[in-house]
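As a plain string of letters, each chain reads:
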Amino acid sequence: MSSNDVPLSLLAKAIEEAEGAQFRSILHTLRSPNYVDQSLLKGDLSVFVAKLLKLLRSSEPYQIWKGCHAVSVLCTYNPVVLCSQANQLLTVLYTRLESFVEYYKETSQSKARLATLKTLTKTVDIMMDLIRGKPTLTREALTPKLNSIIPLLITLSQYETALCLPILKKLLLQNTTTFKPFANKYRVILTNLITKEFQLHDDETQRMICDNFALLHLIKQTAQKVDENQEHHKSSPDEHWRSGLYSILCQFKPLILLCGEMLDFSVDKELLRLVESLPTQKNETDSKNQLFGPLAIDMNESFTLWEILYRVEVLSKLLISFISLPTPFPLRIPLHGIISVCEALLMLTTNYLPLKRGLRRESELTAVIASVLRSLQYQGILVLQTVVKCYGTDILYY
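Report on the accompanying structure. (Residues numbered from 1 in each chain as written. Predicted model: local features only at pLDDT ≥ 70, side-chain atom pairs only at ≥ 80, totals over all residues. Heavy atoms only, no water.)

So, the overall build of the protein
Helix and strand counts for the protein come out as 19 helices and zero strands. Here the protein has a C-alpha radius of gyration of 27 Å; the compact-globule value for 398 residues is 21 Å, and the former is much larger. Reported as C-alpha extents along the three principal axes, the dimensions of the protein are approximately 85 × 60 × 40 Å. The 398 residues of the protein split such that 48% are buried. Summarising the internal contacts of the protein: among those between residues at least 6 apart in sequence, 76% fall at separations of at least 24. Carbon and sulfur atoms make up 51% of the accessible area of the protein, which totals about 20700 Å². (Helix = DSSP H or I, 4+ residues; strand = E, 2+ residues; numbered from the N terminus. Rg over C-alpha atoms; globule rule 2.2 N^0.38 Å. Buried < 20%, exposed > 50% of the residue type's maximum accessible area, 1.4 Å probe, protein only. Contact = heavy atoms within 4.5 Å. Areas by Shrake-Rupley, 256 points an atom, 1.4 Å probe, with all protein chains shown as cover.)

Things to note about the layout of surface pockets
Of the volumes computed, that of the second largest pocket is approximately 210 Å³. Lining the second largest pocket, in full, are Asp203, Glu204, Arg207, Cys210, Asp211, Lys317, Ile320, Ser321, Ser324 and Leu325. For the lining of the second largest pocket, the elements supplying multiple residues, two or more each, are α12 (203-215) and α17 (306-324). The element that contributes the greatest number of residues to the lining of the second largest pocket is α12, accounting for five residues. The residue inventory of the lining of the second largest pocket, partitioned by class, reads three nonpolar, two polar and five charged. (1 Å grid on protein atoms, 1.4 Å probe; cavity = no way out; pocket = protein on both sides within 12 Å on 5 of 7 lines; lining within 4 Å. Points joined across faces, edges and corners; volume = space filled by probe spheres on them. Nonpolar A, V, L, I, M, F, W, Y, C, P; charged D, E, K, R; others polar.)

Overview of the pattern of salt bridges
With the rule as written, the count across this model stands at eleven salt bridges. Here lysine 317 and aspartate 203 are joined by a salt bridge, their closest N and O atoms 4.0 Å apart. Residue lysine 317 is found in helix α17, and its partner aspartate 203 is found in helix α12; the two are separated by 114 residues along the sequence. Judged by relative accessible area, lysine 317 falls into the partly exposed class, the value being 28%. For glutamate 204, the salt bridge goes to arginine 207, with nearest N and O atoms at 2.5 Å. With glutamate 204 and arginine 207 both in helix α12, this residue pair falls three residues apart, about one helical turn. (Salt bridge = Lys/Arg side-chain N within 4 Å of Asp/Glu carboxyl O.)

Points about helix α13 (residues 239-250)
The terminal C-alpha atoms of α13, which comprises twelve residues, lie 16 Å apart, in line with the 16 Å expected from a rise of 1.5 Å per residue. All of the buried residues along α13 are His240, Trp241, Gly244, Leu245, Ser247, Ile248, Leu249 and Cys250. If you follow the buried residues of α13, they end up packed against α11 (183-196), α12, α14 (252-259), α17 and α18 (335-346). (Expected span 1.5 Å × (residues − 1).)

Points about a nonpolar patch on the surface
Residues Leu346, Tyr378 and Ile381 make up a contiguous nonpolar surface patch of roughly 260 Å² in combined accessible area. Relative to the helices and strands, tyrosine 378 is located in helix α19 (residues 363-391). Classification of tyrosine 378 by relative accessible area gives partly exposed; the value is 46%. (Patch = residues over 30% accessible without salt bridge, like charges linked within 9 Å, V, L, I, M, F, W, Y side chains within 5 Å.)

Observations regarding the packing of helix α7 (residues 111-131) against helix α8 (residues 135-157)
The N-to-C vectors of α7 and α8 enclose an angle of 145 degrees; their axes lie 11 Å apart at closest approach. Seen from above, α7 lies across α8 with left-handed handedness. Of the residues in α8, those in contact with Leu117, Thr121, Val124, Met128 and Ile131 of α7 are Leu137, Thr138, Ala141, Leu142, Leu146, Ile149, Leu153 and Leu156. Across the contact of α7 with α8, the residue classes tally to eleven nonpolar, two polar and no charged. (Axes fitted to C-alpha atoms, helices over the stretch in contact; angles between N-to-C directions. Left-handed = near helix turned anticlockwise from the far one by under 90°.)

Examining the side chain of histidine 217
Tracing the backbone through its elements, the reader meets histidine 217 in the loop between α12 and α13. A relative accessible area of 8% places histidine 217 in the buried class. Discounting residues that sit within four places of it in the chain, histidine 217 has contacts with His240, Trp241, Gly244 and Phe322.

Right, here's the structure in full:
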């Protein structure tokens, strides 16, 4: 350590009482490469880490908050500390996070405790990112703790969705096997977010909800009984993913058919053939796996028509996640079905299809219909843009 550097023993004494600019100065000092020295492990570094552990175990939210930031900086810039202390630090971090999540109702009523909860969550995420890619450290410090961390984050995702979903997305991608026991619980939470709370979240969080739902299909379902004649056929790695994608794709057809209550499809035989050819659920089991129930639309209450658009928006975002996310195996994407759905959505316009006769006199209703149809066309464009971006010249045939 350089003679110009502040001894870690002095920083350890100062950090507990430090606030504001003084605390920021300590964090900046911890970035010095001069502290990356194994000879300090039995002395100053161990004293400083002991102080951080004391901060993290404190009952004061501000002290925990400081401990989290100091741990993040020290482990990010000091591989000696990361390799020697990650196990102990991560254990204390997720234990404290567990206590905050367990009493979330009380935590959420205090701004200081809520801010500390968020900082703890982000620090656990930072520590997991730092540990990943280091085989020995991953095996000893991270993997044994994932069975506690994953259900904790799943529980917290009900309340702090935007905070937890990016972390859970990484866990789904990189620790798929470890995630499997918790997949059903997470699916229930995501289904609730999609069907009941989707519009309450911003665009980025909505994308994360859809990405996480799609990535759950990396986890293979428990093997079910199959026909004796089919037992010799080996299932493809993308079987479950393709099944989930197809389930989403099939839910567009009933919504497009609903638009036939507003527009006169009978004047365009090509459109009728196209709608008839759209992907459809093959059996009752597939129907039970649908996210949404039937829609209640009343032409006498024009605002109910927006439910069609809301449903299509959610399905479009889910479909985009399924066709754009990276997977560890090659995918068989039903491009024909996807492009047919996009084509059908783009054909929903009063420029070419007349309104049903009984609807033409209601100015308010016709204005809502025109607005809904324009937005439905836009959803078709968004999906088509994603297909072009991801599959390029493969769509030329269609």
